[in-house]
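Each chain, letter by letter, is given below.
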Amino acid sequence: MENDILILGQTLAFRDDPFATDIDAAVRIQSRGGLVLRDGKIAATGTGQDLRAAYPDARVIDYGDALISAGFIDAHVHYPQTGIIASWGKQLIDWLNTYTFPEETRFADPAVAAEVARTYFDLALANGTTSMCSFCTIHPGSVDAFFAEAARRNMRVAGGKTCMDRNAPAGLRDTAQSAHDDSQTLIGRWHGKGRLSYAITPRFAPTSSPEQLEAMGALWQQNSDCLMQTHLSEQLPEISWVHELFPEARDYLDVYEKFGLLGQGALFGHAIHLTDREKARLVESNAALIHCPTSNTFIGSGLFDMAGLKAAGHRIGLATDTGGGSSFSMLHTMAAAYEIGQLRGTALHPAQLWWLATVGSARAMRVEGRIGNLAVGMEADLVVLDLASTPAIAQRHARAETFWEALFPTIMLGDDRAISSVWINGAPVPDSGARNA
Ligand code: GUN
Ligand code: ZN
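Being a predicted model, the structure only gives us computed values, none of them experimental.

Undergrad: What should I look at first to understand the site of ligand 1 in this one?
TA: Lining the immediate environment of ligand 1, one finds 13 residues, of which His 78, Gln 81, Arg 203, Glu 234 and Asp 321 sit closest. Gln 81 places a polar side-chain atom, nitrogen or oxygen, 2.9 Å from an oxygen atom of ligand 1. Contact distances for ligand 1 include 2.7 Å between an oxygen atom and a side-chain N or O atom of Arg 203. Burial of ligand 1 by the protein chains amounts to 100% of its free accessible area of 280 Å². Per element, the largest residue contribution to the shell around ligand 1 is three residues, and it comes from helix H3 (residues 92-105). Partitioned by chemical class, the residues of the shell around ligand 1 number five nonpolar, five polar and three charged.

Undergrad: Quick question: what am I supposed to make of the coordination of the zinc ion (ligand 2) here?
TA: In a perfect tetrahedron of four donors around a metal, the angles come out at 109.5 degrees. In a perfect octahedron of six, they are 90 or 180 degrees. Around the zinc ion (ligand 2), the protein contributes the donor atoms His 76 (NE2), His 78 (NE2), His 231 (NE2) and Asp 321 (OD), which lie 2.0 to 2.5 Å from the metal centre. Given four donor atoms and angles of 90 to 162° at the metal, the environment of the zinc ion (ligand 2) is assigned as irregular. Sequence positions of the residues that donate to the zinc ion (ligand 2) give the spacing H-x1-H-x152-H-x89-D. Of this pair, His 76 sits in strand S5 (residues 72-78) while His 231 sits in strand S10 (residues 227-232), and the two are 155 residues apart along the sequence. For His 231, a relative accessible area of 5% translates into the label buried.

Undergrad: What should I look at first to understand the packing of helix H5 (residues 140-152) against helix H6 (residues 176-190) in this one?
TA: Geometry of a packed helix pair, given as the angle between the helix axes and the separation of the axes. Between H5 and H6, whose axes approach to 11 Å, the crossing angle comes to 20°. Accordingly, the angle class assigned to the pair H5 and H6 is roughly parallel. With respect to the hand of their crossing, H5 and H6 are arranged in right-handed fashion. Only Asp 182, Leu 186, Arg 189 and Trp 190 of H6 make contact with H5, whose side of the interface consists of Pro 140, Val 143, Asp 144, Phe 147 and Ala 148. Tallied by class, the residues present in the contact of H5 with H6 amount to six nonpolar, no polar and three charged.

Undergrad: In this structure, what is going on with the environment of Ala 218? I would like to understand it.
TA: When you line up the elements, Ala 218 lands in helix H7 (residues 210-222). When its relative accessible area of 29% is taken as the criterion, Ala 218 is described as partly exposed. Along the primary structure Ala 218 and Arg 28 are separated by 190 residues, whereas in three dimensions their C-alpha atoms are 43 Å apart.

Undergrad: Explain the sheet that holds strand S1 (residues 5-14) to me, please; I cannot follow it from the model alone.
TA: Hydrogen bonding along the main chain pairs the strands of a sheet, whether they run parallel or antiparallel. Read from one edge to the other, the open sheet built from seven strands follows the order S3-S2-S1-S4-S14-S15-S16, with strand pairing classed as mixed. Each having just a single partner strand, strand S3 (41-47) and strand S16 (427-428) make up the two edges of the open sheet. Relative to strand S14 (residues 382-385), strand S4 (residues 59-70) runs antiparallel, the two sharing four bridges. Counterpart to Ile 68 in the pairing with S14 is Val 384. Strands S1, strand S2 (27-38), S4 and S14 of the sheet are contacted by helix H16 (residues 403-413), whose axis makes an angle of about 95° with S1.

Undergrad: Explanation requested: the state of the cysteines in the structure shown.
TA: Linking two cysteines covalently via their sulfur atoms produces the bond known as a disulfide. Taken as a whole, this structure holds zero disulfides when the rule is applied. We note that Cys 226 lacks a disulfide partner, and the nearest cysteine sulfur, in Cys 133, lies 11 Å from it.

Conventions adopted
Residues numbered from 1 in each chain as written. Chains lettered and ligands numbered in written order. Predicted model: local features only at pLDDT ≥ 70, side-chain atom pairs only at ≥ 80, totals over all residues. Heavy atoms only, no water. Near = heavy atom within 4 Å. Polar contact = N/O pair within 3.5 Å; in protein donor to acceptor, adjacent residues only side chain to side chain. Areas by Shrake-Rupley, 256 points an atom, 1.4 Å probe, with all protein chains shown as cover. Helix = DSSP H or I, 4+ residues; strand = E, 2+ residues; numbered from the N terminus. Nonpolar A, V, L, I, M, F, W, Y, C, P; charged D, E, K, R; others polar. Donors = N, O, S within 2.8 Å, 3.2 Å for Na, K, Ca; no water. Tetrahedral: all angles 85-135°; square planar, octahedral: opposite > 155°, others 65-115°. Buried < 20%, exposed > 50% of the residue type's maximum accessible area, 1.4 Å probe, protein only. Axes fitted to C-alpha atoms, helices over the stretch in contact; angles between N-to-C directions. Parallel < 35°, antiparallel > 145°, perpendicular 65-115°, else oblique. Left-handed = near helix turned anticlockwise from the far one by under 90°. Contact = heavy atoms within 4.5 Å. Pairing = 2+ DSSP bridges. Disulfide = S-S within 2.5 Å.

Following this line, the structure appears as structure tokens:
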């Protein structure tokens, strides 16, 4: 059809989970592949040659040797912490009190929220991240700023008002009732509007009273098609604190479960120091664990057990966790996941790392039917990568004998310079390299 776009390059798609299947069976790579885009979606996939013949009227954009992939999906991020990324010298609780809470207090001003949201989305897109699940602050205006900016860019995102009514400074506390009512209002305003969806967001057990957690559980029950995101077992002192605050709970996860905050559609950030009981309940309940590797090293939290948890059947996504994480780049995030795997004795395959940053995060956010892969009917959120983007990467890339050897240097050494173009909903992002498309 007249408005069809045919983009050509090297395509990478997943047929299956490369943790569960042989890599060659799980991945489909076409060195001269292509995608036909129509009405924001992928209308056809195949070899460039076949697609050119089948769609003679399509406008052709040829990316040559560049890699075309589904855009990256950051399954746990705090957009309000953009301005305090790379803050020195603190571990979790001190880091929150010293850097994070003062910064989040500024979001009482909607103009601050609007400006940071703009900056955050610019950085995410420059790094090839086309979707994310973000925490906002306690201020409803911070949620409005997040969704308004995503809507302006046509992006599929999830986010929610961070709820906390204790152990936080004045100016950064709501109440059980106001957290419930404000969240419900925001759900009505944003959830299901275009590509936006709402995530009910109690920050973590230490900053919510039992009454607030109960209100959050009731809210989720009333809005069961929303996601629910929070933090779980990130650092040992945090876990001890949870035991002091909730002495009747069997473990950290039990706190959430008691208040109706465990189930399908839950995303638990970090999930490093889990007991066997917690692991079993997490698998049974079909909740998602979100691995935040640059954050876990930067804040000093610990080594997530990717291989063990995947083998046990957990649903796992990948995330930057900025500003606790030290990068906006999902390439850096994959590199950190690789290094943590090595420290735990497992070398994660590049296909597994890429799957986590696309399909894995999409599954965690329950949008795997829409985004995270290249397949007919999927929404056309794409990233196009130059696999020789710097002299250091180019000289290693030149020696590659396999596709994975050609890709891995970009995973380990790449950054926003590797991102040639980004497409959202079938259209090129004007400020990415795609402006030339
Ligand atoms: N736990 C509770 N809040 C936060 C946060 O903002 N960042 C991280 N990394 N962990 C948290
Ligand atoms: Zn977080």
